[in-house]
Structures are given as structure tokens and as C-alpha cells.
Amino acid sequence: MITQEEVLKLAKLANLTIRECELEHLIQDMEEILSFAHLVVSAASTEEIYEPLHKGNLRNDEIHPSYPQEEILKNAAHDDRFFLVNDCHLMEES
Amino acid sequence: MGRISELQRGLIQRDFSCQELTRHYLEEISRKNSTLNAYIKITGDTALEVARRVDEKLARGGQLLALEGIPMTLKDNISTRGIETTCCSKILQGYTPIYDASVWELLQCQNAVLLGKTNMDEFAMGSGCETSCHGGAVNPHSPDHVAGGSSGGGAAAVGGGLAVYALGSDTGGSVRQPASFCGTVGLKPTYGAVSRYGLIAYASSLDQIGPIAASVEDAAAVYDVIRQKDERDCTCVGGRSASGTLKNSLRGKKIGVMQELIETIGGEIRTALENAQRIYQDLGAELIPVTIPDLEYALPVYYILASAEASSNLGRYDGVRYGRGQGFGDEVKRRILLGTFVLREGYRDEYYQKAQLLREKLTRSMKFALEACDMLLAPVSPTAFERGSSRSAVETYRTDLYTVPASLAGLPALSVPCGVNSQGLPIGLQLIGKAFEEAAILNAAWKLEEAFT
């Protein structure tokens, strides 16, 4: 069983906006999904050591030229040279 | 014979020019895309520009590279510099990458002719392409059925003759399942064989880019171009050549038949798979029944881990950089909430950590099974379902049962057509190989394809 409060708390942790009209359906879905996921909790415990397929491909930590700032900020909502922190979230916090 | 080599022969013999070939595909798109909804963006002008360059090269007597001049598509989660890339999500609408994905860089070096970006489930989360903000892609074999997901647009484009090949991404089956629904070949390479740089992340420990093509030869040709080591993806070590061994004999090869998966699949698919097994026996391969312990945990383990990684990866769309802080669809919200739940303090050990251990256990079982044989044979999925069918989230998740084991184990796997059902919908067969042995499963798939033609 998952309560409305728990779903809202998860949404807040995940920074998700949930509309009032979505809530009832979402709680039902989450209940179904969590009971499906619970099979993992009830599985016999196991001791395994992670063994990757390969060792990966780490590069040296060297500085390489990156993209110009104007290019990187092309997709920002505001065309100044700074990030604008979304004030909606700040207002929700207070 | 592969479609790519056939078309390239036509280009070399001057039966048609690359611009004529490209125009043919653009006309097919304008004729059929309103029905199939395979493309969500068409890049006709740049496609014709590349085609013109290929024609000039041919006129100078230049040799064609493996994929040169061939019209193709990319899934909308593969970054393309200067071309909007949205993962079919409202949250990324208007986002234009300033860099190319490594796979797209490699294809541009081949003068690949990009026709456009293809439809997908939002952020690759879905099994029917129906969570796309553009609506779902339609199955080219039946207008009432889905093209599959999440790379449904690419599979519909290739299956419907709107592209020669497509690149998709496969996290839990998103290349193999739509490929099987649309009667095409789909390959999910070994984790680490193909660079993920520029692939917009869903679940980073599972995501792999792979080709969808009309034939095994084409899929192998595309794989051979994109399987390059990449410094910009530290998990990418590159893969091994697969095209040269497609026609090898299967005599003495051992194919493990995954019993649990075959037993749960519907009658018509099982019959098609049994028929394929007989073909393999006639070709001299040995079939061995294989059971994999703990296979029943694969699905919940996959959904816990993929959702945990998604909740972390999608945290970047917080409205600070480019997202609007709103606009995720229902399925994305459900997975972010599940991911947040399983990573939360107090729940992390019993869900996330436990799922990691079970993943490792399953991986070992798969590898152990592959010590006794050369590859595993299994269904890909039930056949395509009807569009708009109302199923619960978990009912949809359950159809991924056949594709997630190879994803969790990081093993290469492909889907190859092996018949049609009574409604005329294609049936796919899955082959799972040893790590970095794409060549072996492509060889076996080529032989099956040959037996059917």
C-alpha cells in the first residue's frame, strides 16, 4: 500500500509536478508497480561480486578545448550569459 | 543479398543517382508518413545536399565507402548538431544539440544520407511507441497495430520502405522488439561495443545503440561502421568485425534453447520458433535445451534498475538549463517515481542493492549457459498489439520478459524474422551471443534468413 502523502513526497524529492487530477490514477499505478517490484525484496538473498564484462576505457584527465559559452547557452531559455534558476521551485519550497 | 550492397551497385553502375535515390525515399515519406507516423522530423534539404556530394564523388570515379550514399534515419534520442533532438518529449521541444553523437559522426564520415529523425516512446520508456508526444508509430504490416517500442519509428520506417536502415537504442528491448513487430532485423550490440556519447541517457548501464535494417547483411554492415572505441564514452571499448563471417557454416555449432521463455510464449510464435529450430538442425547445428535459474527476477530487477538510473539521469531536466520543469508524460513520471522510491533512504538496500545483486547472479547464469553453447535462442516478444489497447503499466512491462535478460547481462542479442502469424503480423526470433561475439549471432541469423528466401 502506498499513500497519497508518500506519492506526493516522492514527487517532491524528484522535483516532479503532479496535478490534482493525475493523483488518484498515479497512486493506483504505483501500487501495482511496487507490488510487481516487491518480488525482488522477497527473493532469497544472494552474495555476488560485481564483475564487469570489460575494464572500460578511462582516459587521462587532460584539459581539452570545449565549446564557446555562447554556443553552449544557445538552448537556454534566456539569452544572457548566466543560468536562470527556476524561481517556481524556490517559491514551492517556501 | 543486402539492400545496401544492392543500392550501392545501382549507384556505381549509374542505374540511378544518389539524388534520385534520396528523392525516391523522400517521396515515399511524403506519401506514407502521414499514416505510419515514423518520422517526426524530415531533413530533406541536407539529405539532398549530401546526395549531391556523393554523386560528384561518383562522377570523379571515387570508390564508395561501406554505407556511403545510403538513405537512413536516426532515433530522436541520438544527438544531431543543428537538428532538433527531443526524445519525443515536450520537455525537450526546441532543444537543438550543439554536438553530434559519436555514432552520427561515424556515419557522416561515410556520407550517410540522413532523411530525418524517427518517432520513439518518450525518453525511450515504453513498448509500443505510444508514449511519444507525437502519437505512436504505426505498424507497416497492419494499420491497426503498433510498430513497437521504443524505437518504433525507425522500425516502421525500415519495414515500410521509408529508409534503408535506422539507428535505434535498446535499453530493455527497444531495438529488438520493434524490429520483430515490423518484420525487420534489429541488433543490440554488447554493452561497450558502440559509443553512447551523444545518446540522451535513459538507463546508462543498459543503453546501447544498434541498427534496424531490412536484412542481416545490412545490420552487420551498419554495426561494423559504428562499433568503434570512443574516448568520450568510458564504457566503450569497441566491437569486433561481423560482416566477413555471415555465410560461415553452422555445422557443429551449439544453440541453447531457452526453455522457460519458449514455454510461456503463444502457440503461433512457438510453432514458428520450432520451425526455425528444425532449420538450424538441418544446417548441422546442435540444439541444446537450456534453463536459466532466477530468470523470473529479470523483469522486476530490470524495472528497478532502469527506473533508478532514469530518475537520476532525468534529474537534469530541472528547468535550470533547458527543460521547463514540467511536461513529462505519464510513463516517464511513473518511472521517475519508482526510481526515486527504490533509491530512497531506508529502501535502497532492499530494492536497488538487492536488484544489483540479482542482476549479477542472472548475468552469471547467462554466461554459464553460454559456456556450454555458442548462442541462445529465444522469442523476442509476443506479436504486435493493437494500437490504443488499454493495458496497465505492469501488463506492458511483462511483455519485455524475453528481451531484458540479454540487456541485464550486457550480452549482444538480435531479432530476425522467422515467419508471420495468422493475421499476417511478423514473428521475430531472438539470438543471444557471448560478449563481443556479434559475429556469431549475425552468422546464425544470416543462415536463417537465407533458408526463408
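Provided above is the structure to which this section pertains.
The structure reproduced in this document is the subject of the present report.

Cut-off values and rules
- Residues numbered from 1 in each chain as written.
- Chains lettered and ligands numbered in written order.
- Predicted model: local features only at pLDDT ≥ 70, side-chain atom pairs only at ≥ 80, totals over all residues.
- Heavy atoms only, no water.
- Helix = DSSP H or I, 4+ residues; strand = E, 2+ residues; numbered from the N terminus.
- Buried < 20%, exposed > 50% of the residue type's maximum accessible area, 1.4 Å probe, protein only.
- Areas by Shrake-Rupley, 256 points an atom, 1.4 Å probe, with all protein chains shown as cover.
- Contact = heavy atoms within 4.5 Å.
- Buried area = accessible area lost by both parts, 1.4 Å probe.
- Salt bridge = Lys/Arg side-chain N within 4 Å of Asp/Glu carboxyl O.
- Phe/Tyr/Trp six-rings, centres within 6.5 Å; stacked < 30°, edge-to-face > 60°.
- Bend = angle between axes of the 7 residues up to and from the residue.
- Core = buried A, V, L, I, M, F, W, Y, C linked by side-chain atoms within 4.5 Å.
- Pairing = 2+ DSSP bridges.
- Axes fitted to C-alpha atoms, helices over the stretch in contact; angles between N-to-C directions.
- Parallel < 35°, antiparallel > 145°, perpendicular 65-115°, else oblique.
- Nonpolar A, V, L, I, M, F, W, Y, C, P; charged D, E, K, R; others polar.
- Polar contact = N/O pair within 3.5 Å; in protein donor to acceptor, adjacent residues only side chain to side chain.

**Points about the overall build of chain A**
Then step 1. Helices and strands together make up the secondary structure of chain A, namely four helices and zero strands.
Then step 2. Each helix (α) and strand (β) of chain A, taken in turn from the N terminus, gives the series α-α-α-α.
Then step 3. When each of the 94 residues of chain A is scored for burial, the buried share is 30%.
Then step 4. Carbon and sulfur atoms provide 54% of the accessible area of chain A, an area that totals close to 7500 Å².

**Re the interface of chain B and chain A**
Then step 1. Listed per partner, the contact involves 63 residues of chain B and 50 residues of chain A.
Then step 2. Carbon and sulfur atoms make up 65% of the area that chain B and chain A hide from each other, which totals about 4800 Å².
Then step 3. Sorting the residues of chain B by area buried against chain A places Ile98(B), Lys333(B) and Leu337(B) first, and these three jointly supply 15% of that buried surface.
Then step 4. Applying the counting rule to chain B against chain A returns two salt bridges.

**Details of the packing of aromatic side chains**
Then step 1. Counted by the stated rule, this structure contains 13 aromatic pairs over all chains.
Then step 2. Residues Phe36(A) and Tyr303(B) carry aromatic rings whose centres are separated by 6.1 Å and whose planes lie at 65° to one another, so their mutual orientation is edge-to-face. Of this pair, Phe36(A) sits in helix α2 (residues 20–42) while Tyr303(B) sits in helix α10 (residues 298–313), on two different chains. Accessibility classification places Phe36(A) together with Tyr303(B) in one group, the buried group.
Then step 3. Judged by centre distance (5.9 Å) and plane angle (70°), the ring pair of Phe123(B) and Phe328(B) falls under edge-to-face. One end of the pair, Phe123(B), is in the loop between β3 (113–118) and α5 (152–159); the other, Phe328(B), is in the loop between α10 and α11 (330–343), with 205 residues separating them in the sequence.

**Points about helix α2 (residues 18–36) of chain B**
Residues and elements named next belong to chain B.
Then step 1. For α2, the principal kink sits at Ser-30 and spans about 40°.
Then step 2. Taken residue by residue, α2 has Cys-18, Leu-21, Thr-22, Tyr-25, Leu-26, Glu-28, Ile-29, Asn-33 and Leu-36 as its buried positions.
Then step 3. Along its buried surface, α2 packs onto α1 (3–12), β1 (39–42), α3 (44–59), β2 (71–75), β3 and α5.
Then step 4. A positive backbone phi angle near 55° is found at Asn-37, which sits one or two residues after α2.

**A closer look at the nonpolar core**
All names here are of chain B.
Then step 1. Leu-107, Phe-123, Tyr-165 and Leu-431 are the most contacted members of the largest nonpolar core, which has 172 residues in total.
Then step 2. If we ignore the near neighbours within four places in the chain, the residues touching Leu-107 are Leu-67, Met-72, Leu-74, Ala-112, Tyr-165, Leu-167, Val-225 and Ile-226.
Then step 3. Residues Val-146, Phe-181, Phe-385 and Leu-425 belong to the second largest nonpolar core, which totals five residues.

**Comments concerning the pattern of salt bridges**
Then step 1. All chains considered together, the criterion is met by 20 salt bridges over all chains.
Then step 2. Ionic pairing is found between Arg334(B) and Asp29(A), a salt bridge with its closest N-O pair at 2.8 Å. Residue Arg334(B) is located in helix α11, and its partner Asp29(A) is located in helix α2; the two belong to separate chains.
Then step 3. Arg334(B) sits in the buried class, given a relative accessible area of 15%.
Then step 4. Judged by its relative accessible area of 9%, Asp29(A) falls in the buried class.
Then step 5. One salt bridge in this structure joins Glu68(B) and Lys57(B), with 2.8 Å as the shortest N-O distance.

**Description of the sheet that holds strand β8 (residues 286–290) of chain B**
Residue and element names in this part refer to chain B.
Then step 1. Across the sheet, eleven strands lie side by side as β1-β3-β2-β4-β6-β5-β10-β11-β9-β7-β8; this open sheet has mixed pairing. Two strands bound the open sheet, and with one partner strand each, they are β1 and β8. Each strand of the sheet is rotated relative to its neighbour by a mean of 30°, with strand direction disregarded.
Then step 2. Note: strand β7 (residues 254–258) against strand β9 (residues 375–379), three bridges, orientation parallel. Residue pairing across strands places Ile-255 opposite Met-375, the latter belonging to β9.
Then step 3. Lying over the sheet, α2 contacts β1, β2 and β3, oriented at roughly 20° with respect to β3.
Then step 4. Sitting on the sheet, helix α9 (residues 267–282) is in contact with β7, β8, β9, β10 (413–420) and β11 (426–433), with an inclination near 55° to β11.

**Considering the packing of α1(B) against helix α7 (residues 216–226) of chain B**
All names here are of chain B.
Then step 1. Viewed as axis vectors pointing N to C, α1 and α7 meet at an angle of 85°, and their least axial separation amounts to 7 Å. Comparing their axes, α7 and α1 come out roughly perpendicular. Counting all contacts with α1, which are made through Arg-3, Ile-4 and Ser-5, the residues of α7 involved are Glu-217, Asp-218, Ala-221 and Val-222.
Then step 2. By residue class, the composition of the contact of α1 with α7 is three nonpolar, one polar and three charged.

**Quick word on the environment of Met125(B)**
Residues and elements named next belong to chain B.
Then step 1. Along the chain, the position of Met-125 falls in the loop between β3 and α5.
Then step 2. Taking the relative accessible area as the measure of exposure, Met-125 reaches 0% and is therefore buried.
Then step 3. With 210 residues separating them in the primary sequence, Met-125 and Arg-335 have C-alpha atoms 8.3 Å apart.
Then step 4. Those residues in contact with Met-125, other than ones at most four positions away along the chain, are Thr-131, Tyr-202, Ala-310, Leu-314, Glu-331, Val-332 and Arg-335.

**Looking at the side chain of Asp224(B)**
Residues and elements named next belong to chain B.
Then step 1. Topologically, Asp-224 is positioned in helix α7.
Then step 2. Engagement of the side chain of Asp-224 in a polar contact is seen with the side chain of Ser-243, the distance being 2.8 Å.
Then step 3. Excluding its chain neighbours within four sequence positions, the residues that come into contact with Asp-224 are Arg-240, Ser-241, Ala-242 and Ser-243.

**A few points about unusual backbone geometry**
Residue and element names in this part refer to chain B.
Then step 1. Here the amide bond leading from Gly-149 into Ser-150 is cis, since omega sits at 5°, within 30 degrees of zero.
Then step 2. For Ser-150, the position within the fold is in the loop between β3 and α5.
Then step 3. Phi angles above zero are rare outside glycine, and Phe-436 is one such case at about 65°.
Then step 4. Here Phe-436 lies in the loop between β11 and α15 (438–452).
Then step 5. Residue classification places Phe-436 among the buried positions, given a relative accessible area of 12%.

Shape is all these values report; function is a separate question.
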